[in-house]
Amino acid sequence: MSETAPPQGSAKPPPAETLRRIERHAGALASSAVARMDETLPWFRALPADQRSWVMLVAQAGVRSLVEWLRSGGATEDSTQEISDEVFAAAPRALARSITLTQTVQLIKVTIDVAEAEVAALAAPGEEEPLLQAILKFSREIAFSAARVYARAAESRGAWDARLQALLVDALLRGDSSDVLASRAAALGWADAPPVAVVVGRSPGGDITAVLHAVYRAARRARIEVIGGVHGDRLVVVMGGAADPVATASALAASFGEGPIVVGPAVPSLDQATESARAALAGFRAAPAWPGAPNPVSADDLLPERTLAGDMEARRKLRHDAYGALSRAGGGLLDTLDAFFAAGGVLESAARELFVHPNTIRYRLKRVAEVTGLSPLDGRDAFALRMALAVGRLDPAT
C-alpha cells in the first residue's frame, strides 16, 4: 500500500532519527547560538542580564518550534505561521521595545548559521541537504514572524502615543498645571527644546494615527520635535526647537487640511505653552475675518480680528502694547495719529490740522512705528492702530 502524500505545499517530514538528534541537541544548539551572539554582536554583550535571558528563551523556543515544524513537514501556511509565532511568545513584549527589528534579524542569522554548521551532526546519513533546506525555509518563516511581532508592537505603541498626545494637547487647551503637562510630555520623550509654539489648523480628516504620522514625518525633515492631537475638526501641533515658528509651520502646512493655519507666540518651554495655544485657537477662530492673511499666519498679526471676536487677551495687548506705549511716549503721537487718520492718510492735511510742518508729521509717524512696531503708512498696521486707539479709549484706566 502506498504512503499517503503529504499535504499540498508541505515537504516530507525528515526521518525519525534526524528529529531525535535535533531534540537531543536542542539545548546545546540554543546555548551555542547565544554564545556566538556574544562573540559576534557587541550590542548583545551590552544587554542587561534579564534581556539576554529572554533571548536564550527565544532561541530554545526556536529549536523546539523547528522540531515541531519538521515533524509536520512544513504543514499548511496557517499552521506554519502559528508555529513560528510561538517562538516569540516565549519572551515578554518588552523585548520588542528593547531590541530593534534589525537586531532581531541579526540574532536570527546567527542562530541559523549555528544550525547550518551542525547539520552534519543533526541529520541522519544522506539527509544533510534536505535538512539544510528545511532550516533555511524555517528561518524565513521566523523572520516573517519577527516582522509581525514588531508591526503589532508599533501599531500598539502608535495608538497609545496618539491617545497620550491627545490628552496632553487637551491639557494644554484647558490650561492644566505644569506638573500635568510635564509628566505627560516626559512619557512621550519630549525634550522641551526652546522655543515652543502651538500651531492650530483644520485637520485633513481620516485616521488620526495617519494624520499624526504625516506631522511627525514633516517634523523630522524640519528637525524639530512635535506633539500633536486632533480635536474635533482641528489639528493642534506643539512645536519645540523652532527658531522661527511661522517659517517652521510652513514646513508642516501639508499635514493640515484646507483653511487658515495660525501660529501662537513662542514661549520658553512647554509649561508656558498654554498661552501660545490660547492665542493660536483665538486666531484660528478670528482668521476668516482677514481673507487676505498669509498662511500660516501669526496669532499676533490677527490681534484686530481677535479683538472683534471677543478675545480679551488680544484686547489687552492692543491696549497695552500700542495705545499704552503711545501714551507713555508722549510727544503728541496720539494726536498725530488721530489727525492723520481723520485726514485719510494725507500728510499735508494732518499738518494743517495740527499747525505743524508735514516733516513733523513724518517724524512722528516714524516714532509711532518705532514705539509700537506698527507703521501708520501700512494699511494693515493702520487698521491695528485704529483698533488700538478705540480699545485704549474705551478703557483708559487700565
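In the block above lies the structure referred to throughout.
Parameters at a glance
- Residues numbered from 1 in each chain as written.
- Predicted model: local features only at pLDDT ≥ 70, side-chain atom pairs only at ≥ 80, totals over all residues.
- Heavy atoms only, no water.
- Helix = DSSP H or I, 4+ residues; strand = E, 2+ residues; numbered from the N terminus.
- Buried < 20%, exposed > 50% of the residue type's maximum accessible area, 1.4 Å probe, protein only.
- Areas by Shrake-Rupley, 256 points an atom, 1.4 Å probe, with all protein chains shown as cover.
- Axes fitted to C-alpha atoms, helices over the stretch in contact; angles between N-to-C directions.
- Parallel < 35°, antiparallel > 145°, perpendicular 65-115°, else oblique.
- Contact = heavy atoms within 4.5 Å.
- Nonpolar A, V, L, I, M, F, W, Y, C, P; charged D, E, K, R; others polar.
- Polar contact = N/O pair within 3.5 Å; in protein donor to acceptor, adjacent residues only side chain to side chain.

1. Topic: the overall build of the protein
Here is step 1 of the chain: The secondary structure content of the protein amounts to 19 helices and five strands.
Here is step 2 of the chain: Counting all 398 residues of the protein, 44% fall into the buried class.
Here is step 3 of the chain: For the protein, the exposed area adds up to about 20100 Å²; of that, 55% sits on carbon and sulfur atoms.

2. Some points on the packing of helix H17 (residues 347-354) against helix H18 (residues 358-372)
Here is step 1 of the chain: Packing of H17 against H18 leaves a shortest axis separation of 8 Å and a crossing angle of 105 degrees. Taken together, H17 and H18 sit at an angle that is classed as roughly perpendicular. Along the contact surface, H17 presents Leu347, Glu348, Ala350, Ala351 and Leu354, while H18 presents Pro358, Ile361, Arg362, Arg364 and Leu365.
Here is step 2 of the chain: Grouping the constituent residues of the contact of H17 with H18 by class yields seven nonpolar, no polar and three charged.

3. Observations concerning the side chain of Arg21
Here is step 1 of the chain: Within the secondary structure, Arg21 is located in helix H1 (residues 16-24).
Here is step 2 of the chain: Polar contacts involving the side chain of Arg21 include one to the main-chain carbonyl oxygen of Ala123, which spans 2.8 Å.
Here is step 3 of the chain: Residues contacting Arg21, with those up to four places away along its chain left out, are Ala120, Ala121, Leu122, Ala123, Ala124 and Pro125.

4. A word on unusual backbone geometry
Here is step 1 of the chain: That bond from Pro194 to Pro195 is cis: its omega, -10 degrees, falls within 30 degrees of zero.
Here is step 2 of the chain: Secondary-structure assignment places Pro195 in the loop between helix H10 (178-187) and strand S1 (196-202).
Here is step 3 of the chain: For the bond running from Asn295 to Pro296, omega is 5 degrees, close enough to zero to count as cis.
Here is step 4 of the chain: Mapped onto the secondary structure, Pro296 falls in the loop between helix H13 (273-286) and strand S5 (297-298).

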